[in-house]
There are 2 protein chains.
Amino acid sequence: MEKEIVAIVGSGLVGKSWAMLFASGGHEVRLFDSIPEVLAGTPKFIHDKLHALEAKGQLKAHKLNATEQCKLITAATSLADAVNGATYIQECTPENFEWKVKIFESIDKALNEVGNTRAYIGSSTSTIMPSKFIANYGIKDRMLIAHPINPPYFVKLVELVPSEWTKPDVTTHVRALLTSLGMKPIVMNKELPGFALNRVQYAILNETWRLVTDGILSVEDADIVMKEGLAPRYVFLGPLETAHLNADGFKDYCKRYGQVINDVSQDMGGIPLMTEDSCQEIDRQLQDMVPNDKLPERRNWRDENLAELATFKEKLGL
Amino acid sequence: MEKEIVAIVGSGLVGKSWAMLFASGGHEVRLFDSIPEVLAGTPKFIHDKLHALEAKGQLKAHKLNATEQCKLITAATSLADAVNGATYIQECTPENFEWKVKIFESIDKALNEVGNTRAYIGSSTSTIMPSKFIANYGIKDRMLIAHPINPPYFVKLVELVPSEWTKPDVTTHVRALLTSLGMKPIVMNKELPGFALNRVQYAILNETWRLVTDGILSVEDADIVMKEGLAPRYVFLGPLETAHLNADGFKDYCKRYGQVINDVSQDMGGIPLMTEDSCQEIDRQLQDMVPNDKLPERRNWRDENLAELATFKEKLGL
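Residues numbered from 1 in each chain as written. Chains lettered and ligands numbered in written order. Predicted model: local features only at pLDDT ≥ 70, side-chain atom pairs only at ≥ 80, totals over all residues. Heavy atoms only, no water.

Examining the interface of chain A and chain B
The interface is formed by 107 residues belonging to chain A together with 107 residues belonging to chain B. When the area that chain A buries against chain B is broken down by residue, the three leading residues are Glu 228, Leu 240 and Lys 251 of chain A, summing to 7%. Along the contact surface separating chain A from chain B lie 10 salt bridges. Note that Glu 228 of chain A and Lys 313 of chain B form a salt bridge whose closest N and O atoms lie 3.5 Å from each other. The interface formed by chain A and chain B includes 36 residue pairs in polar contact (both at pLDDT 80 or more). Going through the elements one at a time, strand S8 (184-187), helix H8 (197-213), helix H9 (219-234), helix H10 (239-245), helix H11 (250-266), helix H12 (280-289) and helix H13 (295-315) of chain A are the ones with two or more residues in the side of chain A that touches chain B. Of all the elements, H9 of chain A adds the most residues to the side of chain A that touches chain B, at 15 residues. Of the residues belonging to the side of chain A that touches chain B, the class tally is 61 nonpolar, 23 polar and 23 charged. (Contact = heavy atoms within 4.5 Å. Buried area = accessible area lost by both parts, 1.4 Å probe. Salt bridge = Lys/Arg side-chain N within 4 Å of Asp/Glu carboxyl O. Polar contact = N/O pair within 3.5 Å; in protein donor to acceptor, adjacent residues only side chain to side chain. Helix = DSSP H or I, 4+ residues; strand = E, 2+ residues; numbered from the N terminus. Nonpolar A, V, L, I, M, F, W, Y, C, P; charged D, E, K, R; others polar.)

Considerations on the UniProt feature "domain: 3-hydroxyacyl-CoA dehydrogenase C-terminal" (unreviewed entry) in chain A
According to UniProt, the "domain: 3-hydroxyacyl-CoA dehydrogenase C-terminal" (unreviewed entry) feature falls on residues 194-247 of chain A. Helix makes up 74% of residues 194-247 of chain A and strand 0%. Its end C-alpha atoms lie 31 Å apart. (UniProt positions renumbered as here; feature names shortened; annotations may be inferred.)

Looking at the packing of aromatic side chains
All chains considered together, the criterion is met by 17 aromatic pairs over all chains. Chaining the aromatic ring pairs together yields one cluster made of Trp 209 of chain A together with Phe 250, Tyr 253 and Tyr 257 of chain B. The aromatic ring of Phe 45 of chain A is capped on one face by Lys 16 of chain A, whose charged end is 4.7 Å from the ring centroid. (Phe/Tyr/Trp six-rings, centres within 6.5 Å; stacked < 30°, edge-to-face > 60°. Lys NZ or Arg CZ within 6 Å of the ring centre and 35° of its normal.)

Re the pairing of strand S4 (residues 88-91) of chain B
All names here are of chain B. Burial along S4 is two-sided: Tyr 88 and Gln 90 facing one way and Ile 89 and Glu 91 facing the other are all buried. Relative to strand S5 (residues 120-123), S4 is paired through four bridges, and the arrangement is parallel. Note that in S5 the partner of Ile 89 across the bridge is Ile 121. Taken together, S4, helix H5 (residues 97-114) and S5 form a β-α-β motif whose crossover is right-handed. (Buried < 20%, exposed > 50% of the residue type's maximum accessible area, 1.4 Å probe, protein only. Pairing = 2+ DSSP bridges. Right-handed = clockwise from strand over helix to strand, strands pointing away.)

Some thoughts on the packing of H8 of chain A against helix H8 (residues 197-213) of chain B
Running from amino to carboxyl end, H8 of chain A crosses H8 of chain B at an angle of 155°, the nearest separation of the two axes being 9 Å. Considered as vectors, H8 of chain A and H8 of chain B are oriented roughly antiparallel to each other. By crossing handedness, the relation of H8 of chain A to H8 of chain B is classed as right-handed. Contact residues: H8 of chain A offers Arg 199, Val 200, Ala 203, Ile 204, Glu 207, Thr 208 and Leu 211 of chain A, while H8 of chain B offers Arg 199, Val 200, Ala 203, Ile 204, Glu 207, Thr 208 and Leu 211 of chain B. Each residue belonging to the contact of H8 of chain A with H8 of chain B can be placed in one class, and the counts come to eight nonpolar, two polar and four charged. (Axes fitted to C-alpha atoms, helices over the stretch in contact; angles between N-to-C directions. Parallel < 35°, antiparallel > 145°, perpendicular 65-115°, else oblique. Left-handed = near helix turned anticlockwise from the far one by under 90°.)

A closer look at the pattern of salt bridges
Under the defined criterion, the tally for this structure stands at 32 salt bridges over all chains. A salt bridge links Asp 303 of chain A to Arg 302 of chain A; the shortest N-O distance between them is 2.9 Å.

Quick look at H8 of chain A
All names here are of chain A. The terminal C-alpha atoms of H8 lie 24 Å apart, and with 17 residues this matches the ideal 24 Å at 1.5 Å per residue to within 8%. Counting buried residues along H8, 16 of its 17 residues qualify, which places the element largely inside the surrounding structure. Positive backbone phi, at 80°, marks Gly 215, one or two positions downstream of H8. (Expected span 1.5 Å × (residues − 1).)

Set out below in structure tokens:
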């Protein structure tokens, strides 16, 4: 892979993770944030984080050590400086429609200002479809969604969602670039609300919600269905390959279980609307498991486990 | 936990796994199968399996070694011999409605014959609701579904589904017994088609199927959504706790995302009917990944990974 010059626009947690990922591949990274105080804190955060990862044996990339990776990441004092000569731009600003429109207007303007007609642009948005905010800008044929999963340093999926205007070689290039970093990008051939991950996640949440609010399962038991039942195999096999292996191939699976799956699915009931009011009982049980004031601690625990799992899968060659 | 005398009815893969699980807890196990040739092969299979697990450091239970566990498992020459004095019976016969009815008739009869009015009975069925086959037998108040997940030795979930007749202390006792073996039983407060695991699995399969058959994702990419996106956290956290951690608690999650989840779900489309004909394209892509003649090899790979994952989670204290 040729070395890229990557501009990261927005230096929150996601922006910093992207910066570390690109540096792990030896790429030059320029971080920009419209809030100078936020940007000011990033070099030290990244320095400490990369060295902590190195100490735990969790640093990505095998050619560069933490100090070398740190040196690749600099802070840019303006958006124009960040994108000047950049070959790839990753936008990571807050999930707000009006802001997205504005930030892409600024990126378009800055690229014009510095005469950069080459850079490809990815947006980290998790919910906004590209056609909704990119239509009016000249960069629309070089732009796509590149939605990472939190925490991106340890979860490999990236959802690539081109718009109707995205040139095919943009998607191909970004997929290859992310793959070279050890990520697992997927490509959606058409934009859909929720992209792919959240559609599947919501299908799971809907049925889990119904099982609990209908009084069939406790919250703890509903979560065990996934943790101790389905997820162990899903770490290695997706749902389609799981089905393929659960019969004499996928055709046999559909022949044997297709009607049952349909019948059971018909029994599932309507799509729930999850509101603050309707979620009282689930929330009450969750507070017994993890009270709100323990959430930060539990998130750290989750992220530590995700890091351990990533190392575990690495060792198995996955 | 007091030592049980466990009768296993049906000595296929699931029956043998149950036998090894109960022996790991120091319980006396009697295996019975109506096909003598099938039963004849089980002692050697179990002996070899337990010693292989021991050699790999994967043997369950820490007080008894493989040889001691082996000694706890014997083959019974008749159903009456198997259930005579048994305190728990686990039924593991093939998934066929007529057979289930017959086998429960036989178990009821055998218990009467030997005057065993005490044994609790669990069925390993994955799809048949207890009310459909237990209504006519005297044992109905001591019986429930105890559905394990394949391979039960390494996947901890067991779905307990009492019928309307099951006495509450039966469910409580079986839950405690399985928990003492290191399993993670859940209790459904009402029987539902598909129980809990398959309802959630089918919700996932339906949306994954739609994404692929609508041409949005390739099979490989659709599986990556789960493998590299959702499953890593689901190994540690169920879907409800995941949501709880993805906002400032679950109420905040519902407030922020409830409407979006509903909107995206409305966009998902109808429940598909998976048939041999309609699955051609998915099957074609799956054959490129794992041709049918490589399925046994891939299943071994899956089970090896599940064993490794179980050890990994054990080490993290999960």
